[in-house]
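# Geometric and topological summary
Each chain, written out:
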Amino acid sequence: MADMKWREGLAQTPSGPMKAIAPEIISASRSTDIPAFYADWLMNRLRAGYAKWTNPFNQQPQYVSFERARVLVFWSKSPAPLVPYLAEIDRRGLAYYFQFSLNDYEREKLEPAVPPLAKRIETFRNLAERVGRERVIWRFDPLILANDLTVRGLLDRIERIGNQLAACAERLVFSFADVDPYRKVRSNLARTGVRFREFAPDEVAQMAEGIASLCKGWDIRAFTCAERADLEKHGIGRNKCVDDDLILKITSNDPDLRRLLGRPDAVQGSLLSVPSSPIKSIKDKGQREECGCAISKDIGQYNTCPHLCVYCYANTSAEAVHRVREKADPSGESIAEA
């Protein structure tokens, strides 16, 4: 993934000052579940002022300074271990919000190491109560037709979860599982005996209509994530996980972020509660064309997530995760050495 043109900074390492990039927006992380498994490591790095990231394609290390960091965007399926640290993150003046993937694939065992569904729902509700519902975004993502699971079955599961989250969520974000482009995902599915199939066009429409109807009843908005399909006619928008509108809102229009996000004329109270169309100049070019995310720097690493979801693109295999996890050190510069 090509880096954006971040301003330069310095990482004050035990070996002396090292050249680093100094991004304002940190993703933690698309590559692994930092809140669930690396909360201690993250806090140690915030206190140290930097982290080391290794490019997964060329294995080149890069130092990431937090001296200009303003926002942390968390992706998680089980963020409870991070909650005790939120007060410290607040004291450090860092804004944050959560992309909380809350699925129900317990019967199919597609997410074998996540906590029980009831526990995850409890975590979501408690987190939303603590930080505010706009900062905890519910994802039922990805939508998967596996084994005997049908569109109707998926909608029933979404409804059961949504009935418990409606009072503490503003958005539901979803995408349709995209397996064909990812060889290792196909391999992992086959290895675990999961019978997977893509959504047919009529099933996409049926799913969209069902989700739109549910969200209308809950009075929350529905969005897709990096989907080619235009579902606007169903009342479903396009999400931006790294959302410039939300970021400016929760940072009271921080001047550095206005500059970064191409919004010098933003004023307090002028931001929409619904994601607007992405500004091309600040779109994260390292993501898929359909992705609407603003630029951010990810500090996660592949092959480090013990949730072991069988559809995960970031893990090669359970064995690879176990090998890397053996080297994990909460006091280390990076999550785990490659």
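In the block above lies the structure referred to throughout.
Residues numbered from 1 in each chain as written. Predicted model: local features only at pLDDT ≥ 70, side-chain atom pairs only at ≥ 80, totals over all residues. Heavy atoms only, no water.

## Observations concerning the sheet that holds strand β10 (residues 171-174)
Across the sheet, eight strands lie side by side as β13-β12-β10-β8-β7-β6-β3-β14; this open sheet has parallel pairing. Only two strands of the sheet have a single partner each, and these edge strands are β13 (237-238) and β14 (297-298). The pairing of strand β3 (residues 25-28) with β14 spans two bridges and is classified as parallel. Across the sheet, I26 pairs through a bridge with K297, a residue of β14. Across the sheet, helix α4 (residues 117-131) is in contact with β7 (95-101) and β8 (136-139); its angle to β7 comes to roughly 160 degrees. (Pairing = 2+ DSSP bridges. Helix = DSSP H or I, 4+ residues; strand = E, 2+ residues; numbered from the N terminus. Contact = heavy atoms within 4.5 Å. Axes fitted to C-alpha atoms, helices over the stretch in contact; angles between N-to-C directions.)

## Some details on the packing of aromatic side chains
Inspection of the entire model under this criterion finds ten aromatic pairs. Each ring, one from F74 and one from Y96, has its centre 6.3 Å from the other, and the planes form 55 degrees; the classification is tilted. Within this pair, whereas F74 is found in strand β6 (residues 71-76), its partner Y96 is found in strand β7, the two being separated by 22 residues in sequence. Its relative accessible area of 0% is what places F74 among the buried residues. Plain terms: the ring middles of F100 and F124 are 5.1 Å apart, the flat faces sit at 50 degrees to each other, and that makes the pair tilted. With F100 in strand β7 and F124 in helix α4, this residue pair connects regions lying 24 residues apart in the sequence. In textbook terms, an aromatic cluster arises when at least three aromatic residues are bridged by ring pairs, as seen for F74, Y96 and F98. The aromatic ring of Y50 is capped on one face by R45, whose charged end is 4.6 Å from the ring centroid. (Phe/Tyr/Trp six-rings, centres within 6.5 Å; stacked < 30°, edge-to-face > 60°. Buried < 20%, exposed > 50% of the residue type's maximum accessible area, 1.4 Å probe, protein only. Lys NZ or Arg CZ within 6 Å of the ring centre and 35° of its normal.)

## Observations regarding the nonpolar core
Counting residues in hydrophobic clusters, the biggest one holds 106 residues, and the most contacted among them are I89, W138, L143, I158, M207 and I211. For this core, the leading source of residues is helix α7 (residues 201-218), giving eight residues. Aside from chain neighbours lying at most four places away, what touches I211 is L143, L155, I158, L172, F174 and A222. (Core = buried A, V, L, I, M, F, W, Y, C linked by side-chain atoms within 4.5 Å.)

## Quick notes on helix α2 (residues 39-48)
Listed in full, the buried residues belonging to α2 are A39, W41, L42, M43, R45 and L46. Contacts made by the buried residues of α2 are with α1 (34-37), β4 (50-54), β6 and α3 (86-91).

## Observations regarding the pattern of salt bridges
Considering all chains together, one arrives at 26 salt bridges under this definition. For K19, the salt bridge identified is with E8, shortest N-O distance 3.4 Å. Of this pair, K19 sits in strand β2 (residues 16-21) while E8 sits in strand β1 (residues 8-13), placing them eleven residues apart in sequence. Residues K19 and E8 agree in their burial class; the two are exposed. In this structure, the salt-bridge partner of R139 is D141, at a minimum N-O distance of 3.0 Å. Judged by its relative accessible area of 3%, R139 is buried. Judged by its relative accessible area of 13%, D141 falls in the buried class. In this structure, a network of salt bridges that share partners links the residues R7, E24, R70, D254, D256 and R259. (Salt bridge = Lys/Arg side-chain N within 4 Å of Asp/Glu carboxyl O.)

Everything listed here is a matter of coordinates, which is why it stays silent on function.
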